[in-house]
Structure formats: structure tokens, C-alpha cells
Amino acid sequence: MGFVQATIPVDTGPTEIAWVIGVPWQGNGYGHRAASLLMEQLRERGITDVIAHIHPDHTASQRIAQRLAMEPTDITIDRETLWKGTTPEPTRG
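Since we're looking at a predicted model, the values are computed, not measured.

Rules of the game
- Residues numbered from 1 in each chain as written.
- Predicted model: local features only at pLDDT ≥ 70, side-chain atom pairs only at ≥ 80, totals over all residues.
- Heavy atoms only, no water.
- Pairing = 2+ DSSP bridges.
- Helix = DSSP H or I, 4+ residues; strand = E, 2+ residues; numbered from the N terminus.
- Axes fitted to C-alpha atoms, helices over the stretch in contact; angles between N-to-C directions.
- Salt bridge = Lys/Arg side-chain N within 4 Å of Asp/Glu carboxyl O.
- Buried < 20%, exposed > 50% of the residue type's maximum accessible area, 1.4 Å probe, protein only.
- Core = buried A, V, L, I, M, F, W, Y, C linked by side-chain atoms within 4.5 Å.
- Arc of directions from axis to C-beta.
- Contact = heavy atoms within 4.5 Å.

1. Concerning the sheet that holds strand β3 (residues 49-54)
An order of β1-β2-β3-β5-β4 is seen for the 5 strands of this open sheet, with the pairing classed as mixed. Lying at the two open borders of the sheet, with one neighbouring strand each, are β1 (2-7) and β4 (71-77). Each neighbouring strand pair of the sheet contributes to a mean axis angle of 30 degrees, computed without reference to strand direction. Note: β3 against strand β5 (residues 80-86), 6 bridges, orientation antiparallel. Bridge pairing links alanine 52 to tryptophan 83 in β5.

Structure, rendered in C-alpha cells:
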């Protein structure tokens, strides 16, 4: 179906996140749900700053990033836009 991943730097700096969902499963919320769970797990480990590289033509990934409260920057690397965000505050139950 797909996967999410996080590359956590050994020094300081943001953690890079990525998500991939196979075409047959796109549009069902799986990418957003998986990326949201990843963000929660990162927050539990004390990680706050995250980045993602998203191709400007990949609107599905842009929508996921927006729902994660990430924002695009003016930085382009290998034809992909750098998006920045923070992991969510823990919910209080």
C-alpha cells in the first residue's frame, strides 16, 4: 500500500519526513493518516521541526503537507519544493 519514513539527523536540524502511497490506494486518506501518526511519534520523541520535499506537480502530497500544517518555502532542491512544519502538540485527554 505504501510507507512513511523519517530521517532524523544525528546533529541539530529538522527531521525529514516522506510518505508514499500506491496509486490504487490514493484518495482514501491513508497518506494523511500515516503521516499524521508519524508526526505524533516524532513529537513523542522530542522532535519538533520537520521538512519534506514535494514536487510542485504532486498536488496530493501538497494537500497532505497542508493538512499537516506544513508550509512551502521558496527553496527548490532537485526540482522539489522544500516544505517546513512542526510536529503537533500532544493532545490532552
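2. Some thoughts on the pattern of salt bridges
Evaluation of the coordinates by the stated rule reveals 1 salt bridge. In this structure, glutamate 89 and arginine 43 form a salt bridge, with 3.3 Å as the shortest nitrogen-oxygen distance. Remark: arginine 43 occurs in helix α1 (residues 30-44) and glutamate 89 occurs in the segment after β5; sequence separation between them is 46 residues. A residue is classified by how much of its surface remains accessible, and glutamate 89, at 59% relative accessible area, is exposed.

3. Some thoughts on the pairing of β5
Judged from the 4 bridges that link them, β4 and β5 form a sheet pairing that is antiparallel. Residue pairing in the sheet places isoleucine 77 in a bridge with glutamate 80 of β5.

4. Quick word on the nonpolar core
With 15 residues, the main nonpolar core has Ile17, Trp19, Leu68 and Met70 as its most contacted residues. For this core, the secondary structure elements donating two or more residues are β2 (15-21), α1, β3 and α2 (59-67).

5. So, unusual backbone geometry
One non-glycine residue, alanine 69, lies in the positive phi region at around 65 degrees. Examined against the element boundaries, alanine 69 turns out to sit in the loop between α2 and β4. If you check the backbone angles, aspartate 78 has positive phi at about 50 degrees while not being a glycine. Tracing the chain through its elements places aspartate 78 in the loop between β4 and β5.

6. Quick word on α2
Within the sequence span of α2, burial applies to Ser61, Gln62, Ile64 and Ala65. Each buried residue of α2 sits inside an arc of 160 degrees when the element is viewed along its axis, so together they form one side. For α2, exposure combined with an orientation more than 90 degrees from the buried face picks out Gln66 and Arg67. Contacts made by the buried residues of α2 are with β2, α1, β3 and β5. Immediately beyond the C-terminal end of α2, within one or two residues, lies alanine 69, with a positive phi of roughly 65 degrees.

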